[in-house]
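# Commentary on secondary and tertiary structure
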Amino acid sequence: MKTKTPKDDHPHDEEDAIQGVAILGSTGSIGVSTLDVLARHPQRFRVTALTANSQVERMFEQCRRFTPEKAVMLNLQAADILKAKINQAGLAVEVLSGMEALKQVAASPQTRIVMAAIVGAAGLQPTLAAVRAGKRVLLANKEPLVMSGNIFIEEARKAGAELLPIDSEHNAIFQCMPYNYRTGESHTAVRRIFLTCSGGPFRTTSLAALADVTPEQACAHPNWAMGRKISVDSATLMNKGLELIEACWLFGVTPEQVEIVIHPQSVIHSMVEYLDGSVLAQLGNPDMRTPIAHALAWPYRVDSGVKKLDLFDIAHLDFEPPDLDRFPCLRLACEAAHAGGTAPVVLNAANEVAVEAFLDHQIRFTDIPQVIEHALSHTSLGLNADLETILKEDAMARGTARQFITDMKHDVKREAS
Ligand code: NAD
Ligand code: MG
């Protein structure tokens, strides 16, 4: 929760003990950027645990460079291979595997800060474990918050955990919020949030041409280098829809208070408008090391390695409204945000299934919103769901989406024959 006020901007006057950092999803885009920032500040942070799904080679290199106390691979075979390599190299790193181990390192007393950078709903349980253990949780992994924001905010409050946003837009909003604002609570001085959006790689692509775009084109984002799932989300604009829901939970605002603005340069990372008409913005080069360094050191400031902003080089900033006809995923997400309850759970689950199928060349780019719309129209949307219900809804929506994709593929085959 945001309770501290900065005393000064010098990083070395408080507790001064080196802080233990665990990275959930260390082999991914955010994980790698986090290690880059941590490596710049060995006097301030040490790596206590690294976790990944199955990327053994990269994990081994990270263990060699940072010697965490623990390394967790979700995948058992991957953990066995890693263990053999670690033993051979004589490194003092304990290798574990499975979901329980992920939860255990997220809640470990050796760790003060947890970077939640697993992709998708898979990050829900370990991130929640970190929240319940009262950690400073750096929240990159937005999907769990979209699914169960009420639970995250409530558990963070109970455990005294600090939820600090890493998503560049939400980190920007956090930096522009009133000094006495508290995470998840609405603030009467705030009128609106401008959530900026690059528009993705298909900002100017026609609706007709969108049907034929490839996963490679969708993953080639103009401004940011990211994992494949969030890259596709950025291309469909679902990412902005998930971020709208994320903003509502983190900043206690209604969907009506969030205005989505296409801003192709990705220099303004978002803005907060106050009752008196003031609009505060946070600017910077599009590099995730800025929000990562901000949240790691908050309320202080440390070097992130990000190059300085050159305003003369940028020269001008553009703004336009989003086109919901060409990007129906954003419309579906706005509708789910308004519906509330388990609608965002279904939206997120069906989206994860559809994006995977698109990346796997099973469906077209323009099929993604169809899969999601189908899943949303085939569930009864409950309000005030507990965690068990949320996980059940998530599994059911995945089943519905997968079945729809299978039926779609059969239809295509029948048409072709
Ligand atoms: P990525 O695909 O590059 O990395 C994902 C990481 O999670 C990897 O370390 C992978 O091993 C691990 N992982 C994947 N599936 C897992 C599973 N089932 N169980 C345990 N671990 C698993 O993804 P990314 O781009 O780094 O994004 C991570 C999260 O951060 C996403 O939720 C994304 O929306 C969010 N985010 C990313 C960016 C960015 O610039 N990349 C920006 C804002 C928010
Ligand atoms: Mg973002």
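Please read all numbers here as calculations on a predicted model, not as lab measurements. (Residues numbered from 1 in each chain as written. Chains lettered and ligands numbered in written order. Predicted model: local features only at pLDDT ≥ 70, side-chain atom pairs only at ≥ 80, totals over all residues. Heavy atoms only, no water.)

### Focus: the confidence of the model for the chain
In the predicted model, the chain carries a mean pLDDT of 94, and the fraction of residues at 70 or more is 95%. Low pLDDT, under 50, characterises residues 1-11; the stretch is placed with 36 contacts to residues that sit more than four places away or in other chains. (pLDDT = per-residue confidence, 0-100. Contact = heavy atoms within 4.5 Å.)

### As for the sheet that holds strand β2 (residues 45-52)
Strand order across the open sheet formed by 7 strands is β4-β3-β2-β1-β5-β6-β7, with parallel pairing between neighbours. This sheet does not close on itself; its edge strands, each paired only once, are β4 (94-97) and β7 (162-165). Between one strand axis and the next, the sheet turns by 20° as a mean value, whatever way the strands run. The pairing of strand β1 (residues 19-24) with strand β5 (residues 113-116) spans 4 bridges and is classified as parallel. Paired with Ala22 across the bridge in β5 is Val114. Each of β2 and β3 (70-73) is contacted by helix α2 (residues 56-66), which is oriented at about 165° to β2, the strand it contacts most. (Pairing = 2+ DSSP bridges. Helix = DSSP H or I, 4+ residues; strand = E, 2+ residues; numbered from the N terminus. Axes fitted to C-alpha atoms, helices over the stretch in contact; angles between N-to-C directions.)

### Focus on the site of ligand 1
Taken together, 22 residues are adjacent to ligand 1, and Thr27, Ser29, Asn53, Glu143 and Gly227 come closest. At 3.1 Å from an oxygen atom of ligand 1 is found a main-chain nitrogen or oxygen belonging to Gly28. At 2.9 Å from an oxygen atom of ligand 1 is found a main-chain nitrogen or oxygen belonging to Asn53. (Near = heavy atom within 4 Å. Polar contact = N/O pair within 3.5 Å; in protein donor to acceptor, adjacent residues only side chain to side chain.)

### Remarks on a nonpolar patch on the surface
Residues Leu283, Leu309, Leu311, Leu317 and Phe319 make up a contiguous nonpolar surface patch of roughly 400 Å² in combined accessible area. Take Leu283: it is sitting in strand β11 (residues 279-283). Overall, Leu283 belongs to the partly exposed group, its relative accessible area being 37%. (Patch = residues over 30% accessible without salt bridge, like charges linked within 9 Å, V, L, I, M, F, W, Y side chains within 5 Å. Areas by Shrake-Rupley, 256 points an atom, 1.4 Å probe, with all protein chains shown as cover. Salt bridge = Lys/Arg side-chain N within 4 Å of Asp/Glu carboxyl O. Buried < 20%, exposed > 50% of the residue type's maximum accessible area, 1.4 Å probe, protein only.)

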